[in-house]
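Residues per chain, in single letters:
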Amino acid sequence: MSILEVKDLRVSFHTYAGKVQAVRGVSFSVDKGKTLAIVGESGCGKSVTVQTIMKLTPTPPAFIEEGSILYEGTDIVGYSEKQMQKLRGKEFSMIFQDPMTSLNPTMRVGRQINENILKHMTLSSKEATKRTMEMMRLVGIANPEINMLRYPHTYSGGMRQRIMIAMGMAANPKILFADEPTTALDVTTQSQILDLINDLKKQFQMAVVLITHNLGVVARMADSVAVMYAGKVVETGTAREVFYEPKHPYTWGLLNSIPDTANMNGNRELPAIPGTPPDLFAPPKGCAFAARCPYAMKACIKAQPEETCLSDTHKVSCHLLDPRAPKVEPYHVKRQKTE
Amino acid sequence: MKRYIAKRLVISVITIWALATFSFFLLKTLPGNPFQTEQLLKPEIQEKMMSYYGLDKPYFEQYLTYMGNLLHGDMGYSFKYTNRSVWDIIMQTFPISADLGLRSLAIGYPVGLLLGTIAARRRGKKADYLCVLISVLGVSVPNFVIGSLLQWVFGVKTGLLPIAQWKGFSYSILPTITLSIATIASLTRTMRASMLEVENQDYMKTAKAKGLGEKEIVWRHQLRNAMIPIVTGLGPAVATTLMGSFIVEQLFSIPGIGKHFTESVQALDYTMVLGLTIFFGVFLVAANFIVDILYGIIDPRIRITD
Amino acid sequence: MRKKVVGFVLACTVAMSALAGCGTYTNGDPVADATQTEGNQQNENGSSGNTEQATGTKELTIGVSTDATSLDTSVINDNNSGEVLYHTSEGLLRNVGGKIVPGIAESYDISEDNLTYTFHLRDSKWEDGEPITAEQFVYSFQRLLDPNTGATEYDKFLSIVNAQEIVDGEITDLDQLGVKAEDDHTLVITLKQISPTFLSSLAASNNLYPLREEFVEQCGTAYGTTGDNYLSCGPYKLEAWNQGTEIIYVKNDQYYDADAIKMDKITRVVIEDANTRASMFDNGEIDVNMSVPASLKDNYDSDTLFNDPAGTTTTLQINMDGMTEESGKVLSNVNFIKALSYAIDREGLNMALANGTYDVATRLIDPATPGSTDETTYWEEYPDVSGAPTTADPEKANEYLNKALEELGMTKEELPRMTYLCMETGQLKLYAEAIVDSWKTVLGLDCFDIVQYPVPTTIQNMLDGQYDIYWQQNGDDMNDPYMYMSYWTKTGSINVTGWMDDTYTDLINQTELTMDRGERLELFAEAEQYILDNGPQIPLFFFTTLITVNPEFTGIDYGANAEYLYADYAE
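The notes below deal with the structure included here. Predicted model, so just to flag it, every value in this text is computed and none were measured.

What counts, and where the lines are drawn
Residues numbered from 1 in each chain as written. Chains lettered and ligands numbered in written order. Predicted model: local features only at pLDDT ≥ 70, side-chain atom pairs only at ≥ 80, totals over all residues. Heavy atoms only, no water. Helix = DSSP H or I, 4+ residues; strand = E, 2+ residues; numbered from the N terminus. Buried < 20%, exposed > 50% of the residue type's maximum accessible area, 1.4 Å probe, protein only. Contact = heavy atoms within 4.5 Å. Rg over C-alpha atoms; globule rule 2.2 N^0.38 Å. Areas by Shrake-Rupley, 256 points an atom, 1.4 Å probe, with all protein chains shown as cover. Lys, Arg positive; Asp, Glu negative; His and termini not counted. Charge placed at Lys NZ, Arg CZ, Asp CG, Glu CD. Pairing = 2+ DSSP bridges. Axes fitted to C-alpha atoms, helices over the stretch in contact; angles between N-to-C directions. Buried area = accessible area lost by both parts, 1.4 Å probe. Salt bridge = Lys/Arg side-chain N within 4 Å of Asp/Glu carboxyl O. Polar contact = N/O pair within 3.5 Å; in protein donor to acceptor, adjacent residues only side chain to side chain. Nonpolar A, V, L, I, M, F, W, Y, C, P; charged D, E, K, R; others polar. Phe/Tyr/Trp six-rings, centres within 6.5 Å; stacked < 30°, edge-to-face > 60°. Patch = residues over 30% accessible without salt bridge, like charges linked within 9 Å, V, L, I, M, F, W, Y side chains within 5 Å.

Some remarks on the overall build of chain B
Within chain B, the secondary structure is distributed over 12 helices and zero strands. For chain B, the spread of C-alpha atoms along the principal axes amounts to about 80 × 60 × 30 Å. Relative to its 306 residues, chain B shows a buried fraction of 53%. The contacts of chain B with a sequence gap of at least 6 include a subset with a gap of at least 24, amounting to 74%.

Okay, structure coming up:
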């Protein structure tokens, strides 16, 4: 049952140099208690999409050109700032990539968490402090009475991210948006944080929208995946579908570029997708991936592919799925199915 | 903390000593003497005066005498204002300059910070342009032009306020406004820049993501962080403002310390120049020290840990 | 919590500082404040009509540019301090408007050999009722010449017996000075040589006012540094000295001629900025502006604006020794000097840079100098002395130049570079540029460099001979030509011009040998023409002072110094 549905969202930035079409028609949905991972390379529009949902990008220069964002059935695209403030922190919350810069360096961490609670929950300040300490314990910070008085710079990276999560969870949000939450952390800490998010998700039946460019993270966390390229979702489906039955050449390219440590003998080049994403000031008329796609056809350059539904959950936008297109072999490395 | 203070004190004393010594010998290299005024005293008389005040002794001997007296708190007597002690002149004029300076800061800082905040929060809109315009005008138009204009409008044309002097509250209005304009202008710019820089920080997004309203975001998150660079400049700004503006004081005939800074050098009034230099030096050092402590209070990343 | 405390403290500091000013205001008295606010009316010719109606006392407010620096008669050497003492003290004689009138000494006798002056003092009192005695004058004379006082203005009185020896430290017993009190009302001064200028110097001096020994000793070095460390014995007494702001005089009822003093209170207000001062005059906040910039001359009409000679002779001084050997050769040539002089358009400069307020000088001795009789002036008696044209005379100038070049055996191009030195004050740079430019246009000479320094440095350079041409301003004694003319003798103390002329020196020395003013003026006239023809001074201007006086008042003058002893309301 989807708690958040994004339909054909278009967001562009109006700059002095022109209009940058950052998001060119993105659709996906998030189910209650499930994790959606949004994957793509840098600059494909994943952060913008998610931040636009929470209306965190300042409206000049960002503009929602078209589309709808349905939260629990209500379209929030037209919501005023005041209405959004009611949603933020309470219904949605977001944690960011770099916990050092994302926490106010001159405010004690306890207070930063407390702020969220006091804003959205009617508790006395004593009760709020108690809850703050609870949240800190929840995310694994011991001795919260002392530690809530500390400043962010006295914590390590992993601990800071935990504080961010505590802050995000403090008012019991229904959706947690996590924008590359582990990119700045080392691998062990990464693991801990991801586990934490999963635990909290189960405990509070919270939906999670996880942005990442790390397919390993996707594999571990995601119930469903949306692959974005150049401002559009090119393929979306359950994690299983996308990993084991990818249909879009870009997805193939992504999966292909995961280093295969098992078959490393000697020195082989890391496989990569050649080329660079297009300039979003003047996006191409046709498929944006055409320039880098080894299977590009004339049709790809001329027109944008429609979305093809391969199943209830699996949707792909590629001309190759057109019945008239030639059959191609995906060039990806076949993964062993593990149960 | 105590060790830090002790260390700073020692450094401060050394700084002041170096300042005094350097100034002393630098002054001596200037050609001329305090008795070469436009009255054109005869050379024999000048020589007599030089030896009367001990200025014909070797420089190093004069230096030791001066330093010795200084340690006893004696800054000597002014040459231009015969027999009046340097300290007395400073103590007579400094409170007036400080008074004027404090008033102008009391107006300049709140207004400047406010305009800067408005400009930053309403960036690109009319309010921003207006604030920046005020700031640019305040910096470009010399303060004697602003002061003269105010004098003319409020004093000459309409007679609402006194033109000059420092005899009561109504006298202080025009010079305070004139002097505060420079502070307002530079603060607006600095604050605006600082606020904008803070706005681009990630924690501002976090604050917004928490659903906080604009007022809460500005007050709790943006301002405190934006104030940090402002506080750095506070020390020298306060010290210089309190030391009197020669131009404003002259324009409004306020008997402050400002004129003595320029006058004493032009007249080669050695003791006065040295006295003022040391006085200002101590003031500045103290102001910077206080700022450093303040800094630690505002920005917890810079707390002094022993 | 800590943040809140800090914030609170800061807020308090700010609030308190805004109120703190209650303590630093320089309050005059409430009367002054009341009249201040009343006087703020807009008017064109400065009529205020405020004081008498408001309080019933007669009050005058004078705006000046500079405060006094000290009230110690022995050590002062500036006009502003002198002005304050002039109005609050009285010496043996006074110089009022150029005339010598009796002061505390109601009469004096001069011995036949002109060496002994006996002054008969009248009955007079200090502000506290103590009598003024001859002994107090003796103390003052001694103090001026005592090397331990650090006085600078004693050099006109070195003709007194033992004065030179005391000054040099050879005699330490001050009582050996030739100034003695025979009794409380008789003062006898003996000179070692005759001095025709002795009386006029005495009358003009601000350094020989009587002093009360116990009071001065009690104050020690602080004597004269504040209003409290000073006693008045003159027409007004010093009520308050708010340093840097104003001086308040109040009529001295103990003064022997108190009936002639009309004002009850005079306030001497210090307003440094010339435009502010002018605005305050226009506004009626001050009744007199003692120094009006020439540019504002046309704003006032003739019953408000007065142009008085300031007793300053301005010349271009030539260094005939030159800064370098080459320039010295050129500048020793009198024809070259004349060429420079005739190329200058003095009238033009006056109009352009001084708004026509200066007096153009074609000679050196001050126009205010009285003649040998009470009815004539020196200029009237010797009108033909002249050394320069009032406007440029290009023909003559080039004539002189060609003669000079011939004598020097040089062409224009071969002339060395010469340095024109002046101070950094006021408009001197503009004058320099204008003059150097006129040498270029009239004479075709482009070999002058203008150099400016702060006052002490410039003077030092001049005294060291580091100049070729120097903008020289000398205050002169408007009563007697000796002071100015003696500067340029062979022994003249500031004669760093390379002009050591026996004839001139001789003439000037002779003026000291006779008491007959007529004889002396004849000698001076001869010397003046001589130096104009042969010497190193190119006359330019006699400076004047512009003052504006509210037509409601009279009795305010600017001679060499401001005078307002007999200020009164006009009828």
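Here's the deal with the overall build of chain C
For chain C, the helix and strand inventory stands at 19 helices and 21 strands. Against the compact-globule benchmark of 25 Å for 571 residues, chain C has a radius of gyration of 27 Å, which places it among compact chains. Viewed in the frame of its principal axes, chain C has a C-alpha envelope of about 80 × 75 × 60 Å. Looking at the 571 residues of chain C, the share that counts as buried comes to 57%. Long-range pairs, those at least 24 residues apart, make up 70% of the contacts in chain C with a sequence separation of at least 6. When the accessible surface of chain C is split by element, carbon and sulfur atoms take 48% of a total near 22,300 Å². Of the charged side chains in chain C, 33 are positive and 94 negative; the average position of the first set lies 6 Å away from that of the second.

What to know about the sheet that holds strand 3 (residues 35-39) of chain A
All names here are of chain A. Judged by pairing direction, the sheet is mixed, and its eight strands sit side by side in the order 6-7-8-3-9-10-12-11 without closing on themselves. Sheet topology places strand 6 (92-95) and strand 11 (307-309) at the edges, where each strand pairs with a single neighbour. The average undirected angle you get between the axes of adjacent strands in this sheet is 20°. Bridge analysis of strand 9 (residues 224-229) against strand 10 (residues 232-238) gives six bridges, and the strand direction is antiparallel. Within strand 10, the position partnered with Ala-226 by the bridge is Thr-236.

Let's talk about the environment of Thr24(C)
Within the secondary structure, Thr24(C) is located in the loop between helix 1 (2-20) and helix 2 (30-38). In sequence terms Thr24(C) and Arg277(C) are 253 residues apart; their C-alpha atoms lie 22 Å from each other. Those residues in contact with Thr24(C), other than ones at most four positions away along the chain, are Pro95(B), Ile96(B), Asp99(B) and Trp166(B).

So, helix 11 (residues 249-256) of chain A
Counting buried positions along helix 11 of chain A gives eight out of eight residues, so the element sits mostly inside the fold. On its buried face, helix 11 of chain A sits against helix 9 (215-221), strand 9, strand 10 and helix 10 (239-244) of chain A.

What about the side chain of Thr88(C)?
Residues and elements named next belong to chain C. Mapped onto the elements of the fold, Thr-88 is located in helix 4 (residues 79-88). By relative accessible area, Thr-88 is classed as buried at 0%. Aside from chain neighbours lying at most four places away, what touches Thr-88 is Tyr-230, Ser-232, Cys-233, Gly-234, Tyr-236, Lys-237, Leu-238 and Tyr-249.

Some thoughts on the interface of chain B and chain A
Contacts between the two partners involve 22 residues from chain B, matched on the other side by 28 residues from chain A. Counting the surface lost from both chain B and chain A, the interface buries some 2,200 Å², and carbon and sulfur atoms represent 54% of this. Of all residues in chain B, the largest losses of buried area upon contact with chain A belong to Lys205(B), Lys208(B) and Lys210(B), amounting jointly to 28% of the total for that side. With its nearest N and O atoms 3.0 Å apart, the salt bridge here joins Glu216(B) to Lys119(A). The interface formed by chain B and chain A contains 14 residue pairs in polar contact (both at pLDDT 80 or more). Those elements that provide at least two residues to the side of chain B that touches chain A are helix 8 (202-209) and helix 9 (214-242) of chain B. No other element matches the seven residues that helix 9 of chain B contributes to the side of chain B that touches chain A. Taken together, the residues of the side of chain B that touches chain A break down into six nonpolar, five polar and 11 charged.

Considerations on the sheet that holds strand 5 (residues 116-121) of chain C
Residue and element names in this part refer to chain C. One open sheet holds the four strands; their spatial order is 4-5-7-6, and the pairing between them is antiparallel. Either end of the sheet is taken by a strand with one partner, and the two such strands are strand 4 (105-110) and strand 6 (179-183). Taken pair by pair, the neighbouring strands of this sheet meet at an average axis angle of 20°, ignoring direction. One ladder, built from five bridges, connects strand 4 with strand 5; its direction is antiparallel. Residue pairing for strand 5: Ser-107 is matched across the bridge by His-120.

Topic: the packing of aromatic side chains
All chains considered together, the criterion is met by 45 aromatic pairs over all chains. Ring centres 5.7 Å apart and planes at 85° place the aromatic pair Phe92(A) and Phe177(A) in the edge-to-face group. Remark: Phe177(A) occurs in strand 7 (residues 175-179) and Phe92(A) occurs in strand 6; sequence separation between them is 85 residues. In this pair, the class of Phe92(A) matches that of Phe177(A), namely buried. The interplanar angle of 90° and the centroid separation of 6.2 Å between the aromatic rings of Phe79(B) and Tyr270(B) together place this pair among those described as edge-to-face.

Remarks on the side chain of Ser23(B)
All names here are of chain B. The topology assignment puts Ser-23 in helix 1 (residues 2-29). Using a relative accessible area of 12% as the deciding quantity, one classes Ser-23 as buried. Of the polar contacts made by the side chain of Ser-23, one reaches the backbone oxygen of Leu-19; its length is 2.7 Å. Setting aside anything within four residues of it in sequence, one finds Ser-23 in contact with Leu-274 and Thr-277.

Considering the interface of chain C and chain B
Contact with chain C, which involves 65 residues of that partner, is made by 58 residues of chain B. Taken together, the links from chain C to chain B amount to three salt bridges. Put simply, Glu272(C) and Lys259(B) hold a salt bridge, and the shortest N to O gap is 3.2 Å. At the surface where chain C touches chain B, the tally comes to 12 residue pairs in polar contact (both at pLDDT 80 or more). If you list the elements that add at least two residues to the side of chain C that touches chain B, you get helix 1, helix 2, strand 10 (265-270), helix 9 (274-282), helix 16 (455-463) and strand 16 (469-475) of chain C. Of all the elements, helix 16 of chain C adds the most residues to the side of chain C that touches chain B, at seven residues. In the side of chain C that touches chain B, the residues fall into 23 nonpolar, 31 polar and 11 charged.

Brief notes about the pairing of strand 10 of chain A
Residues and elements named next belong to chain A. The buried fraction of strand 10 is high, at six of seven residues. Between the antiparallel neighbours strand 9 and strand 10 lie two residues, among them Ala-230 with a positive phi of about 50°. Bridge count between strand 10 and strand 12 (residues 315-317): two bridges; the pairing is antiparallel. Residue pairing in the sheet places Thr-236 in a bridge with Lys-315 of strand 12.

Examining the pairing of strand 7 (residues 186-190) of chain C
Residues and elements named next belong to chain C. In terms of burial, strand 7 is largely enclosed, as four of its five residues are buried. For strand 5 and strand 7, the ladder comprises five bridges, and the chain directions are antiparallel. In the strand pairing of strand 7, Tyr-117 is matched with Ile-189. Here strand 6 runs beside strand 7; their pairing, made up of four bridges, is antiparallel. Note that in strand 7 the partner of Val-179 across the bridge is Ile-189. Two successive antiparallel strands, strand 6 and strand 7, enclose a turn made up of two residues.

Description of a negative patch on the surface
Residues and elements named next belong to chain C. On the surface, Glu-135, Asp-173, Asp-175, Glu-182, Asp-183, Asp-184, Glu-213 and Glu-217 cluster together into a patch of negative charge. Taken together, the elements giving at least two residues each to the negative patch come down to strand 6 and helix 8 (213-219). By the secondary structure assignment, Glu-217 is in helix 8.

Re a nonpolar patch on the surface
Residues and elements named next belong to chain B. A contiguous nonpolar patch, built from Leu-149, Trp-152, Val-153, Phe-154 and Leu-160 and spanning about 500 Å² of accessible area, is present on the exposed surface. Assignment of secondary structure puts Leu-160 in the loop between helix 6 (143-157) and helix 7 (169-199). Judged by its relative accessible area of 61%, Leu-160 is exposed.

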